[in-house]
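# Residue-level structural notes
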Amino acid sequence: MNILKRHTTAPTSIAPLVVFRVLFGFIMLVSTVRFALKGWIYELYIRPEYFFSYYGFEWVQPFGALGIYGVFAVIGLSSLAIMLGWRYRWAAVAFFLSFTYVELIDKTHYLNHYYFISLIAFLLIWVPANRSFSLDVLRRPGLQRDKVPAWTVNIFKFQLAVVYFFAGVAKLNPDWLLRAMPMEIWLPAHSNWPVIGSLLTEDITAYLFSWAGAAFDLSIAFLLMYRPTRLPAYAAVIVFHLFTYALFQIGMFPFIMILLTLVFFSSEFHQKILDHARRFGRSIRQIFSEDFEGLRTRTAVTPSKPSTKSNYSMSGWSARIVGGMIGAFVVLQLLMPLRSWLYPGNVLWTEQGFRFSWRVMLVEKAGHAVFHVYDSDSGRQWEAANWRHLTPRQEKMMSMKPDMMLQYAHYLEEVYKEQGKGDVRITADTRVTMNRRKGRPIVDPTVDLTEAERGWHDKKWILPLRSYRSALKSSSLPPPKGEFKATEVKKHPSSEGKRGRTLKAKSEKLSHQVYVPDRLRDKFIPLSEKTRDRILSSKQVKSSIRNSD
Amino acid sequence: MNFTYRSTSLLILVLAVFSWTACDVGESGSDDGPDFDREAMLANFGENIIIPSYDALVDSLNEMATAADNFSADPSTATLQQLQSTLKSSRLAWQRVNLFNFGPASNNLLRTSLNTYPTDTARIEENIDSGDYTLGTVSNQDAVGFPALGYLLHGIGANNQEIVSAYTDDPDASERMQYLEDNVDFIQQKASTVAQEWSADQEDYLTMFLSQDNLGTDAGSSLSMLINAYIQHYERYIRDGKIGIPSGVRSAGVARPQATEAYYAGYSKELALANLQAVQRVFKGITFPDGMNNRGLSDNLEAHDETELVDEIESNMDDAISSVQALNDPLSQQVQNNNDKVQSAFQDLQAVVGPLKTDMTSVLGITITYQDQDGD
């Protein structure tokens, strides 16, 4: 009980919380300015004609160019206000809402670190991070507090620990540990670097990075919590994140983590930072002493002035509500990353339960998706021009993520409906490669995606990574009203010999499963037969030889 | 106690970070697997394929300019035929460079300037009428380049006799001749600018292309730019532009004969074929013009032990080439009379995209970066 109390309600120095607030506001301001300067506000939120919404958040849409620029202005200004501690609660609320709103517009741009920022912003709303070293205190010295309940600092340590630990757990998979994937693909990108370049192409380097990365993620939060290991652990944080910054294109995330993990340091450490900052500020003010005479006398006394009430505490009801909410938050954070276990198959492949789970830099995927459209009213068949509807980035992400393929198919259905076409049938021919496996279909090419539904349920039309053949057998094919069309399996040079023959026999058997409804046969067969042929022979038969894992 | 603990963990950390730096310094040049030299592959692309191809285009355009002068000095069916044939060889030469739309070509908007089709004939006639135009503006994009020349040399009369008379007897004959010559100049100037920027005696993009800084495979590296341009060209401008769009796969199954490349000249299929062969040559690393099999993308993949993937890509490319070969010019008529063959050629072209865009890029560690963004 005492230990629990010590980490939650017992008073502790406000200094770590204050430093955390200032650094967070600062790095968010920098990130926002960088984002705007890169022209991404236009590219990501104004240019696209369609946005991939999150399930349940379809109502989050950008409201025009002016609106979205306005929202980004709010993000920038509220991060400045958080940094300075000006009207802090309002600023934290404004930042959380505007930032999260932008992130919810389009899942194409989902990044774990954006999610992390939203969570931190949410937590900042509930903590008194403005009760020292802030414009709010300058304005109303009565707000000054020296002590806050321990949970207001520890909740951020918890959040950081969750990020690292689950990122580490996610790395405990065969690809990462036994094949050094995707490090082995990514590291050689910089083989032209002087001195270390040639090392980056060595297999051993990829394994070292993989194992060291996993060990780092799993242990770092605990090493930061434990005083004797804290300093070397923080050095490791810096080295690790600078490496990731140099090697991979991951934007501001390394710097955000380097700054925010300072929260693990002691109160005395943070007090020293604040004292230094105050001294620095004072010496600056002395240079302009005449202009700032009034300000100087007023603030110079702030740190030494004894507050009437130095401990921050909440009254009964609000303490209970906030406490309950933070408790729920903690439980949710511990469960969310585990939800992928509720789905069958490899989460890295199906991506069911992939997001919001700290699966960071885990997988190298590339894909290509072709959407066949069949209009039964006119009997016409065509293919969607993805590049006409999506930005290059959207198309790239959609081409490897089944949930986005489904959304896109639904969007296409709508587009064609607006063009006055009838009830179209849309199927997807996909080819996705993951961690250097041979490309293979990720979506059942026979399933009409306009009939498939979004939601939390397991999507039967996603083909598993491991066994494509058994998947086709058990896949939810429509009831066999039409005729089964047996397709001939192209013989491939590699399917010689005994193993080749059995595989061929198997795929011939499964080819009888390819079902073509009567009404589609005239128009649909000539093309789809060919496509299916290709899937069955060149992709599947060959790839199953290679990927015996 | 505390001190020793701290220094021990620091030592472990330092060892962990530097152990890989120390393991075998001194061995270098082994880029992808034991036998592959990426720099040599890029040099082969730059020196033996890209630059000679641009030079050939410029030579061909010079010949076209001479032919245009002759036609202008003495308009006759003979000089017209001469000019038509130089136009065709220039368009064929263009098919060997259009897949390198990065660096100088993309900075100079070469593709949109030279080959935006279908051409806007109304706009062309308007320009000729008014005599007041600047070629190279965005609004004139549809009224310049090869497609405009195709219209001016093939599309304004039922036969060559009639076409010649448009430049001799029509009221706006001299203005039309002027527009023709301006267009020839415009194309020539655009292409030679790009060729010069690549060449070693001028802006020397080649040196940058082969510089140490750009030898990686990260976004912005030479190989990444080349492959991104290569795949985008294949997807958008060959599969879709040359075959898919005319056949109607992008317009709800309704064929669009006017959307063929070289609609008026009528050799769309020949151009598509030339372009596909250029794509194949880059994959195999075959030099131009002497046709030596040097280092190419296939060799890079083989150095990664991806022989099977190379086989798949090459056999799909062969299929695509032979089914385009099976089409008939003029393609604009084929899409109306026997579109099934065109659509099946489209499918064969499409079969190449998957392994190129997913497997090949993944094996080579290239990211498709048509658009810049952070990852995590």
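Here, residues in each chain are numbered from 1, in the same order as that chain's written sequence. As they are written, the chains are lettered A onward and the ligands numbered 1 onward, keeping that order. Only residues with pLDDT of at least 70 are given local features in this predicted model, and only at 80 or more are side-chain atom pairs given and counted; all residues enter the totals for whole chains, interfaces and linings.

## Details of the overall build of chain A
Assigned secondary structure in chain A consists of 24 helices and seven strands. Burial is judged by counting other C-beta atoms within 10 Å of a residue's own C-beta: 20 or more means buried, 12 or fewer means exposed, and anything between counts as partly exposed, with every C-beta placed from the backbone. Burial status across chain A gives 41% buried among its 549 residues. Residue pairs qualify as contacts under a 7 Å threshold applied to their C-beta atoms, which are placed from the backbone. Long-range contacts, defined here as pairs at least 24 residues apart, represent 70% of the contacts in chain A between residues at least 6 apart. Think of it this way: any DSSP run of H or I at least four residues long counts as a helix, any run of E at least two long counts as a strand, and we number them from the N terminus.

## Some points on the domain arrangement of chain A
Residues and elements named next belong to chain A. Throughout, the edges of the domains are those of an automatic or database domain assignment. Taken as a whole, chain A is organised into domain 1 (1–149 + 266–313) and domain 2 (364–546). Domain 1 puts seven residues into the contact, and the matching count from domain 2 is eleven residues. Note that Gly is not counted as nonpolar here; it falls among the polar residues with everything else outside the nonpolar set of Ala, Val, Leu, Ile, Met, Phe, Trp, Tyr, Cys and Pro and the charged set of Asp, Glu, Lys and Arg. Considered class by class, the residues forming the side of domain 1 that touches domain 2 number four nonpolar, one polar and two charged.

## Structural notes on the sheet that holds strand β5 (residues 424–434) of chain A
Strand pairing within a sheet occurs via backbone hydrogen bonds; the two strands may be parallel or antiparallel. Here we have three strands laid out as an open sheet, ordered β4-β3-β5 (chain A), and antiparallel in their pairing. Where the open sheet ends on each side, the last strands, each with one partner, are β4 (380–383) and β5 of chain A. Geometrically, the sheet is characterised by an average inter-axis angle of 15° between neighbouring strands, direction not taken into account. Note on method: axes are straight lines fitted to C-alpha atoms, helices fitted across the in-contact stretch only, with angles between N-to-C directions ranging 0 to 180 degrees. With respect to the sheet, helix α21 (residues 402–418) of chain A is in contact with β3 (365–375) and β5 of chain A, its orientation differing from that of β5 of chain A by roughly 150°. Those strands touched by helix α16 (residues 339–364) of chain B are β3 and β5 of chain A, and its axis lies near 160° from that of β3 of chain A. Two strands form a pair only when DSSP identifies at least two bridges running between them.

## Let's talk about the packing of helix α5 (residues 88–105) of chain A against helix α6 (residues 112–125) of chain A
Residue and element names in this part refer to chain A. Look at α5 against α6: their axes get within 8 Å of each other, and the N-to-C directions meet at 155°. As the angle between them shows, α5 and α6 are arranged roughly antiparallel. Along this stretch, α5 crosses α6, giving a crossing that reads as left-handed. Side by side, α5 and α6 meet where Arg89, Ala92, Val93, Phe95, Phe96, Phe99, Thr100 and Glu103 of the first sit next to Tyr114, Ile117, Ser118, Ala121, Phe122, Leu124 and Ile125 of the second. Any angle that falls under 35 degrees is termed roughly parallel, while one over 145 is termed roughly antiparallel, one within 65 to 115 roughly perpendicular, and all others oblique. Crossing chirality is assigned from the near helix's rotation relative to the far helix, an anticlockwise turn below a right angle marking it left-handed and a clockwise turn marking it right-handed.

## Concerning the environment of Tyr69 of chain A
All names here are of chain A. In this fold, Tyr69 is placed in helix α4 (residues 64–84). The class of Tyr69 is partly exposed, set by 15 C-beta atoms lying within 10 Å. A C-alpha to C-alpha distance of 9.0 Å links Tyr69 and Ala36, two positions 33 residues apart in sequence.

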